[in-house]
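Residue strings, one per chain:
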Amino acid sequence: MPQRVRRRTYVDASVYGGVFDEEFDEDSRAFFDQARADRFLILTSALVTGEISGAPQEVRDLYDQVLRDAELIQIGERALELQAAYLSERIVTRKWADDALHVALASVSAADLIVSWNFRHIVHFDKVPHYNAVNKRCGYCELAIHSPSEVIAYEDEEEV
């Protein structure tokens, strides 16, 4: 049986909040359970930390717990340049620049995927190819962008 690969996964703030949201709780909890079981290596950033700082206490507590085993990505020049490239391509407007920065941080940190419940600016079938086209042009790998529902392993399926 092949050894399971632990996927480098950038997780935005929406997934932490999703654990406490009736609409998203089941798959968000399953995602974090599977991360604890070494299916995912969670990547986070100061941007996520800042967004979480204004969240309810239970979300902050969850984030603090996950942060102990997470890899912290710094917001550096490369990420800001890639964010600017996304904005200049109008993938999102300046109003949503933080969403572009999440994708940039995941890309420059060589994440395998980004997990988010943000269907408007990140996990959107029309935006993903544009993010990846800019990544390719700027020398970064394509990034898989999915919701937790799309990446968790379900109990009734064999994991490959």
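All values derive from a computational prediction rather than experimental measurement. (Residues numbered from 1 in each chain as written. Predicted model: local features only at pLDDT ≥ 70, side-chain atom pairs only at ≥ 80, totals over all residues. Heavy atoms only, no water.)

Let's talk about unusual backbone geometry
Now for step 1: Although it is not a glycine, Asp-38 sits at a positive phi angle of roughly 70°.
Now for step 2: Within the fold, Asp-38 resides in the loop between helix H2 (25-36) and strand E2 (40-45).
Now for step 3: Its identity is not glycine, yet Ala-110 carries a phi of approximately 60°, on the positive side.
Now for step 4: With respect to the secondary-structure elements, Ala-110 resides in the loop between helix H6 (97-108) and strand E4 (113-115). (Helix = DSSP H or I, 4+ residues; strand = E, 2+ residues; numbered from the N terminus.)

Here's the deal with the environment of Asn-135
Now for step 1: Structurally, the position occupied by Asn-135 is in helix H7 (residues 128-137).
Now for step 2: Look at Asn-135 and you get buried, because its relative accessible area is 0%.
Now for step 3: Filtering out sequence-adjacent residues up to four positions away, Asn-135 remains in contact with Leu-82, Tyr-86, Ser-107, Tyr-140, Cys-141 and Leu-143. (Buried < 20%, exposed > 50% of the residue type's maximum accessible area, 1.4 Å probe, protein only. Contact = heavy atoms within 4.5 Å.)

Concerning the pattern of salt bridges
Now for step 1: Within this structure, the stated rule accounts for 4 salt bridges.
Now for step 2: Here Asp-38 and Arg-6 are joined by a salt bridge, their closest N and O atoms 3.6 Å apart. Here the residue Asp-38 occupies a position in the loop between H2 and E2, and Arg-6 occupies one in the segment before strand E1 (7-11), the gap between them amounting to 32 residues.
Now for step 3: A relative accessible area of 44% places Asp-38 in the partly exposed class.
Now for step 4: A salt bridge links Glu-89 to Arg-137, with the nearest nitrogen and oxygen atoms 3.5 Å apart. Of this pair, Glu-89 sits in the loop between helix H5 (77-88) and H6 while Arg-137 sits in helix H7, and the two are 48 residues apart along the sequence.
Now for step 5: What makes Glu-89 partly exposed here is its relative accessible area of 44%. (Salt bridge = Lys/Arg side-chain N within 4 Å of Asp/Glu carboxyl O.)

Description of the sheet that holds strand E3 (residues 71-73)
Now for step 1: The sheet built from 5 strands is open, its strands ordered E3-E2-E1-E4-E5 with parallel pairing. Since the sheet does not close on itself, it has two edges, and those belong to E3 and strand E5 (144-146), each with one partner. Within the sheet, the average angular offset between the axes of one strand and its neighbour, ignoring direction, is 30°.
Now for step 2: Sheet topology places E2 next to E3; 3 bridges connect them, and they run parallel. What sits directly across from Ser-45, in E3, is Ile-73. (Pairing = 2+ DSSP bridges. Axes fitted to C-alpha atoms, helices over the stretch in contact; angles between N-to-C directions.)

A word on the side chain of Asn-132
Now for step 1: Its place among the elements puts Asn-132 in helix H7.
Now for step 2: The exposure class of Asn-132 is buried, given its relative accessible area of 9%.
Now for step 3: Apart from the residues within four sequence positions on either side, Asn-132 is in contact with Cys-141, Glu-142 and Leu-143.

Quick word on the packing of helix H3 (residues 46-53) against H6
Now for step 1: Contact geometry of H3 with H6 gives a least axis separation of 10 Å together with a crossing angle of 140°. With respect to their mutual orientation, H3 and H6 come out oblique. Every residue of H6 that contacts H3 at Leu-47, Val-48 and Glu-51 is listed here: Asp-98, Leu-101, His-102 and Leu-105.
Now for step 2: Its residues placed into classes, the contact of H3 with H6 shows 4 nonpolar, 1 polar and 2 charged. (Parallel < 35°, antiparallel > 145°, perpendicular 65-115°, else oblique. Nonpolar A, V, L, I, M, F, W, Y, C, P; charged D, E, K, R; others polar.)

Concerning the pairing of E1
Now for step 1: Judged from the 4 bridges that link them, E1 and E2 form a sheet pairing that is parallel. Residue pairing across strands places Arg-7 opposite Phe-40, the latter belonging to E2.
Now for step 2: Inspection of the sheet shows E1 paired to E4 by 3 bridges, in the parallel sense. Bridged to Tyr-10 within E4 is Ile-114.

It is worth stressing that arrangement in space is one thing and function is another; only the former is reported here.
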